[in-house]
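Secondary and tertiary structure notes
Below, each chain spelled out in residue letters.
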Amino acid sequence: MRTLIQAFRTKELRNKILFVLGMIIIYRIGSYIPAPGVDETVVNNCVTQMSGNSENFIGLVNLFSGGAMLQLSIFALGVMPYITASIVIQLLRVVIPRFEALHKEGQSGEAKLTQYTRYLTIGLALLQSSTIVVTAKSGALFNYQCSGIIPNDDVWTLIVMVLVMTGGTGLIMWMAELITEKGIGQGMSILIFLSICSGFLPQLWNIGWGTNGTDGNWAKFGIVTGVLLAIMIFVNYVELSQRRIPVQYTRRMIGRKMYGGSSTYLPLKINMSGVIPPIFASSILAIPTLISQFGNAESGWVQWINTNLANTTSVWYICLYALMIVFFTFFYTEITFNTDETADNMKQYGGFIPGIRAGNATARYLKYVINRLNTVGAVYLLFVALLPTVLIMALNLNANLPFGGTTILIIAGVGLDTLRQAKAQTEQYQYAGFLFDNTSHIEGK
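Below: a short report on this structure. Owing to the predicted nature of the structure, the values given are computational and were not obtained by experimental measurement.

**Regarding the overall build of the chain**
- A tally of helices and strands in the chain yields 17 helices and 5 strands.
- For the chain, the proportion of its 445 residues judged to be buried stands at 44%.
- Sequence separation of 24 or more characterises 70% of the internal contacts of the chain that already satisfy a separation of 6 or more.
- Accessible surface, the chain: about 23,000 Å² in total, of which carbon and sulfur atoms supply 62%.

Following this line, the structure appears as structure tokens:
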């Protein structure tokens, strides 16, 4: 709160905050504008009939779009295509040497990778918007509970819907880059944060209030709210925790100047993979469910999938979800943090870990530390991701839980990152406010 007050007192930061708020308002308005060819009344009735907020693929896209996907609005895809494209480009660095070379080139190489990410985002937006339009036309988007969503389902109408949704994704991507450039925080993360929070409080309130205040349960509301606050505090603590590896730099003579001789540390987060493992696990487990929607409901394999994989509280789903989270925790960290490259960079600049020989020995030590951190991080992710499922089963909430593991991790992570950036920019303008408490700062004195 103090950081926000200090930021509003500075004209430059105040303008940045107002700019971000303006972009957020435009984003939320676009989430309620229906795509052409959609019967808005039918869609609203279908959304009302849909129960639960499961974290399968459809639930995940709807979560990141702030409910815009099930509304079939012009921003129906939200930020999901950009997230997927960014992750794919990162993974391709291991497969395509050209991408790894661009990553090592610095700012110019990263700009080229960003351009590739934009192209891939548009391609994925075309694919995902086509899938959503086809599933909406067939009724599979709402589990065949509704019909007549697209009254005029000729080819031209469907093409226009796909193009409008794809253009909406491009507009969201441009707005996110503007927020990053002219505002505070990372633009895409802020839009994800707002999308999640837009439906968070109403769903939480519905647990206690229910339908017109008749079938709610305030005891369950209190339990869920208390557990939510406890998890948020726990997540903030873990996300801020670091394993600091001491690094010593030797003295070097370059020209007539002496460099090095300092001591520092290499900070390693406990959860280095972030929110990626739960997202990957949820998306992969949702693929069989999507395929089964186009099969015969009387078939044995369709019934098995609907019983074991479409139900997030089934034993099969929980076991596979846990195994995938553990796998992607190690896999994604292995890709994003190259221990050999880190050890070579330290050796190049005369750095070493006390008691560890520079080079291969340092790389092996870093890999040993990373594996231990990943073990703790995987257990932490399992706890946060599976606790909502335990609450659903214990309190018999029928999957109407307003938050899941992915939701909690995103809210905590984005909130902390945005506050850190706001505080850093505030200190540039009013540095004395954070150094001296209960004292007034006069410029020039």
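Past the structure itself, the notes keep going.
**Digging into the pattern of salt bridges**
- Summed over the entire model, instances satisfying the criterion amount to 3 salt bridges.
- Measuring nitrogen to oxygen at the nearest pair gives 3.3 Å for the salt bridge that ties E239 to K269. Of this pair, E239 sits in helix α11 (residues 218-240) while K269 is found in strand β4 (residues 263-269), placing the two residues 30 residues apart along the sequence.
- Note on E239: relative accessible area 13%, which makes it buried.

**Considerations on the nonpolar core**
- By size, the foremost hydrophobic cluster in this structure holds 70 residues, and its most contacted members are V235, L268 and Y321.
- With 12 residues, the single largest contributor to this core is helix α16 (residues 360-395).
- One finds V38, C46, L70 and A76 within the second-largest nonpolar core, a separate group that totals 23 residues.

**Observations concerning the layout of surface pockets**
- Of the volumes computed, that of the second largest pocket is approximately 1,200 Å³.
- Lining the second largest pocket are 35 residues, with Q90, S189, V275, I276 and Y332 positioned closest to its centre.
- Breaking the lining of the second largest pocket down by element, the ones donating at least two residues are α5 (80-95), α7 (107-138), α9 (187-198), α11, α12 (276-292) and α17 (405-429).
- For the lining of the second largest pocket, the per-class residue count stands at 18 nonpolar, 11 polar and 6 charged.

**Some words on a nonpolar patch on the surface**
- A cluster of nonpolar side chains, I122, L126, V155, W156, I159 and L163, forms an exposed patch at the surface whose accessible area comes to about 600 Å².
- Elements supplying a minimum of two residues to the nonpolar patch: α7 and α8 (155-182).
- A total of 4 residues in the nonpolar patch trace back to one element, the largest contributor, which is α8.
- Relative to the helices and strands, I159 is located in helix α8.

**Considering the packing of aromatic side chains**
- With the rule as written, the count across this model stands at 10 aromatic pairs.
- A ring pair is formed by F234 and Y380, whose centres lie 5.7 Å apart and whose planes are at 55°; its orientation type is tilted. Placement of the pair is F234 in helix α11 and Y380 in helix α16, with a sequence separation of 146 residues.
- Since its relative accessible area comes to 32%, F234 is described here as partly exposed.
- Considering the side-chain rings of F327 and F331, the 5.6 Å spacing of their centres and the 10° angle between planes classify their relative orientation as stacked. Taken together, the residues F327 and F331, both in helix α14 (residues 315-336) and 4 residues apart, mark about one turn of the helix.
- The class for F331 is partly exposed, based on a relative accessible area of 34%.
- Here the aromatic residues F280, F327, F328 and F331 are joined through ring pairs into a cluster of three or more.

**Concerning the packing of α11 against α16**
- Interhelical geometry of α11 versus α16 gives an angle of 175° and a closest axis separation of 11 Å. Relative to α16, α11 is oriented roughly antiparallel. Across from K220, I223, V224, V227, I231, F234, V235, V238 and E239 in α11, the residues of α16 making contact are Y380, F383, V384, L387, L391 and L395.
- Here the residues of the contact of α11 with α16 are counted per class, giving 13 nonpolar, no polar and 2 charged.

Rules of the game
- Position numbers for residues start from 1 in each chain and track the written sequence from start to end.
- Given that this is a predicted model, residues contribute local features only at a pLDDT of at least 70 and side-chain atom pairs are listed and counted only at 80 or more, while totals for whole chains, interfaces and linings are drawn from all residues.
- In computing side-chain values, all of the structure's heavy atoms are included and hydrogens and water are not.
- Helical segments are the DSSP runs of H or I of at least four residues, strand segments are the runs of E of at least two, and each set is numbered from the N terminus.
- Summary of the burial criterion: residues with accessible area below 20% of their type's maximum are buried, those above 50% are exposed, and those between are partly exposed, where the area comes from a 1.4 Å probe applied to protein chains only.
- Here, two residues are considered to be in contact whenever any of their heavy atoms come within 4.5 Å of each other.
- Working definition of accessibility: Shrake-Rupley area with a 1.4 Å probe, residue cover restricted to the visible protein chains.
- By definition here, a salt bridge exists when the distance from a side-chain nitrogen of Lys or Arg to a carboxyl oxygen of Asp or Glu is within 4 Å.
- Definition used in this section: a nonpolar core is a set of buried Ala, Val, Leu, Ile, Met, Phe, Trp, Tyr and Cys residues joined via side-chain atoms within 4.5 Å.
- Using a 1 Å grid laid over the protein atoms alone, points where a 1.4 Å probe fits but cannot get out form a cavity; open sets with protein on both sides within 12 Å along at least 5 of 7 lines form a pocket; any residue with an atom within 4 Å of a point counts as lining.
- Grid points are joined across faces, edges and corners, and a volume is the space filled by probe spheres set on the points.
- Throughout this entry, Asp, Glu, Lys and Arg are counted as charged residues, while Ala, Val, Leu, Ile, Met, Phe, Trp, Tyr, Cys and Pro are counted as nonpolar. The remaining residues, Gly among them, count as polar.
- For patch detection, residues must exceed 30% relative accessible area and be free of salt bridges, and they are connected within 9 Å for like charges or within 5 Å for nonpolar side chains (Val, Leu, Ile, Met, Phe, Trp, Tyr).
- A pair of aromatic rings is counted whenever rings of Phe, Tyr or Trp (Trp by its six-membered ring) have centres within 6.5 Å, and the orientation is called stacked for planes under 30 degrees apart, edge-to-face for over 60 and tilted otherwise.
- Lines fitted to C-alpha atoms define the axes, with helix axes restricted to the stretch in contact, and inter-axis angles between N-to-C directions lie between 0 and 180 degrees.
- Reported orientations rely on four angle classes, namely roughly parallel under 35 degrees, roughly antiparallel over 145, roughly perpendicular from 65 to 115, and oblique for the rest.

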